[in-house]
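As a plain string of letters, each chain reads:
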Amino acid sequence: MRMETPIARVRGLGSARSGAHHWWLERLTSVSTLLLFVWFVVSLLRLPSLEHSAVTEWLAAPLGAVPMLLLIVSTFWHLKLGLQVVIEDYVHEEGMKFFSITLLNFFTIAVGALAFFAVLKIAFGGDAG
């Protein structure tokens with residue numbers, strides 16, 4: 001027998017009281033990532049060539065670097081949120097679940113920071129090579 005009210009079931013908060021928030025963040029990051037990927041593809045198609053010099057020149061400009069940084073943040077945040085749900089749903093042992101989510105957090109932060117740094121290095125005059 002369920003002990004929650006009908007409104008609690010509709011809100012879907014559960015015992016952690018964060019289910020709707022997590023769901024909403026997944027949707028927001030998916031939309032932002034989609035829009036930024038469209039920007040990315042259109043920007044690449046508008047470049048005169050995809051040679052290293054043309055791409056680095058494009059990323060050195062604020063209108064190339066800032067949306068690219070937003071794309072990196074949005075993509076890795078969405079990746080983290082989605083894989084966290086998979087881990088929470090399919091890893092049942094609490095210790096392994098905690099370890100997996102911690103590893104996921106470290107991985108997404110490390111790889112996202114590496115990508116972020118590469119764009120900043122290009123934008124501020126260095127070369128990513």
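Sequence order as written defines residue numbering, which begins from 1 separately in each chain. In keeping with the predicted nature of the model, local features appear solely for residues at pLDDT of at least 70, side-chain atom pairs appear and are counted solely at 80 or more, and the whole-chain, interface and lining totals rest on all residues. Here the side-chain values reflect all heavy atoms present in the structure, with hydrogen atoms and water set aside.

K.L.:
Would you mind showing me how to read the overall build of the chain here?
P.N.:
When helices and strands are counted, the chain shows five helices and zero strands. Moving toward the C terminus, one meets the helices and strands of the chain in the order α-α-α-α-α. Each residue is placed in one exposure class: buried if its accessible area under a 1.4 Å probe, protein chains only, is under 20% of its type's maximum, exposed if it is over 50%, and partly exposed if it falls in between. For the chain, with 129 residues in total, the buried portion stands at 26%. The contact rule is simple, with two residues in contact once any of their heavy atoms fall within 4.5 Å. Intrachain contacts of the chain at a sequence separation of at least 6 include 65% that bridge at least 24 residues. Accessible surface is estimated by sampling points in the Shrake-Rupley manner with a 1.4 Å probe; for residues, cover comes only from the protein chains shown. Carbon and sulfur atoms make up 73% of the accessible area of the chain, which totals about 9200 Å². In DSSP terms, a helix is any run of H or I states spanning at least four residues, a strand is any run of E spanning at least two, and both are numbered starting from the N terminus.

K.L.:
What is the right way to look at helix α5 (residues 94-123) in this model?
P.N.:
Owing to its 3.6 residues per turn, the α-helix brings residues three or four apart onto one side. Any helix carries an expected span of 1.5 Å times its number of residues minus one. Compared with an ideal rise of 1.5 Å per residue, which puts 30 residues at 44 Å, α5 spans 43 Å between its outermost C-alpha atoms and is within 8% of the ideal. Of the positions making up α5, those classed as buried are K97, S100, I101, L104, T108, G112, V119 and I122. Those residues of α5 that are buried are in contact with α3 (52-60) and α4 (62-90). Any pair of nitrogen or oxygen atoms within 3.5 Å is treated as a polar contact; in protein, a donor-acceptor pairing is required on top of that, and neighbouring residues in sequence qualify only through side-chain atoms on both sides. Between a side-chain oxygen at the N-terminus of α5 and the backbone nitrogen of G95 the separation is 3.1 Å; the capping residue is E93. Just beyond α5, the residue with positive phi is G125, at close to 100°.

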